[in-house]
Amino acid sequence: LRGSHGTADIEAHVEEIMIELELCISLIFKPFLHHLKTLLTMNEEFVAIWTAMLGVMTELLGEEEAGEAAPEARVRGARTMTRDKLLLTTKELGSEHLRNAVMVLVASGVLRGDDNDLAAAGDGSEILAASSSSGVDSAQVSSITWKAIGGMKFCRKYVEEWKQSAAPPPAMAAGDEHQVPDATTAQPEVEN
């Protein structure tokens, strides 16, 4: 993308370029997510792979969005593919794949919103149980992840939303009428 390829070269191959970019970015994430269950049993390997992936994404997403389109591109219309539009599309695609991986790690119990989540969740036993059963140190992974994503200028606008998704729900008050009974203590109703 940073080479001396002209706009005409890019325009002639837009669809092929987009397919290749999707394949390249997918190649980073799909094997990781496919083998996640196995990786979660190996803390050091998981952390090494995830850190490397975050490094790659930092390279792609570390800079802000590309500047405004050049004047000649504006004249030709919105459908014209420019280097900046291609770079922006690539960053959006990379950020979407990163978000999906973050949400999978949240759902797996490996990633927390931040270090204050244990306090917000009450005693935090659910999070500790999930992280200890997976073999991965969720505090370490969370720290590495949020530090890396916070350094990705392109993703800064999404960080708080992603952290909120990773935060445990607030502990329910004892008198909350919408509280769902614990499945281990709930007694089934018996008809006579």
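These figures come from a predicted structure and were not determined experimentally.

Undergrad: Account for helix α6 (residues 83–107), naming residues and giving values.
TA: Taking 1.5 Å per residue as the helical rise, α6 with its 25 residues ought to reach 36 Å, and the 36 Å between its terminal C-alpha atoms agrees with that figure. Just downstream of α6 lies G109, where phi reads positive at about 80 degrees.

Undergrad: Can you explain helix α10 (residues 156–166)? Please cite residues and give values.
TA: Within α10, burial applies to V159, W162 and A166. Summarising the axial view, the buried residues of α10 lie within an arc of 80 degrees, below the 170-degree limit, and thus occupy one face. Residues of α10 that are exposed and point over 90 degrees away from its buried face: E160 and Q164.

Undergrad: Explain the nonpolar core to me, and be specific about the residues and the numbers.
TA: F46, W50, L98, V102, I149 and M152 are the most contacted members of the largest nonpolar core, which totals 33 residues. Of all elements in the fold, only α2 (14–34), α3 (36–39), α4 (43–61), α6, α9 (138–150) and α10 reach the threshold of two or more residues within this core. Beyond its immediate chain neighbours, meaning those up to four positions away, W50 contacts F32, L98, A101, L105, V141 and T145.

Undergrad: Quick one: what's the story with the packing of α6 against α10, residue by residue and with numbers?
TA: Interaxial distance between α6 and α10 falls to 9 Å at its minimum, and their mutual angle equals 20 degrees. Taken together, the axes of α6 and α10 lie roughly parallel to each other. Between α6 and α10 lies a crossing of right-handed hand. Facing S95, L98, R99, V102, M103 and V106 of α6, the residues of α10 in contact are Y158, E161, W162, S165 and A166. When grouped by side-chain class, the residues that make up the contact of α6 with α10 number seven nonpolar, two polar and two charged.

Undergrad: Residues and numbers for the environment of Y158, please.
TA: Tracing the sequence through the fold places Y158 in helix α10. Relative accessible area serves as the criterion here: at 25%, Y158 is assigned to the partly exposed category. Counting along the chain gives 59 residues from Y158 to R99, while the straight-line C-alpha distance between them is 8.8 Å.

Conventions and cut-offs
Residues numbered from 1 in each chain as written. Predicted model: local features only at pLDDT ≥ 70, side-chain atom pairs only at ≥ 80, totals over all residues. Heavy atoms only, no water. Helix = DSSP H or I, 4+ residues; strand = E, 2+ residues; numbered from the N terminus. Expected span 1.5 Å × (residues − 1). Buried < 20%, exposed > 50% of the residue type's maximum accessible area, 1.4 Å probe, protein only. Arc of directions from axis to C-beta. Core = buried A, V, L, I, M, F, W, Y, C linked by side-chain atoms within 4.5 Å. Contact = heavy atoms within 4.5 Å. Axes fitted to C-alpha atoms, helices over the stretch in contact; angles between N-to-C directions. Parallel < 35°, antiparallel > 145°, perpendicular 65-115°, else oblique. Left-handed = near helix turned anticlockwise from the far one by under 90°. Nonpolar A, V, L, I, M, F, W, Y, C, P; charged D, E, K, R; others polar.

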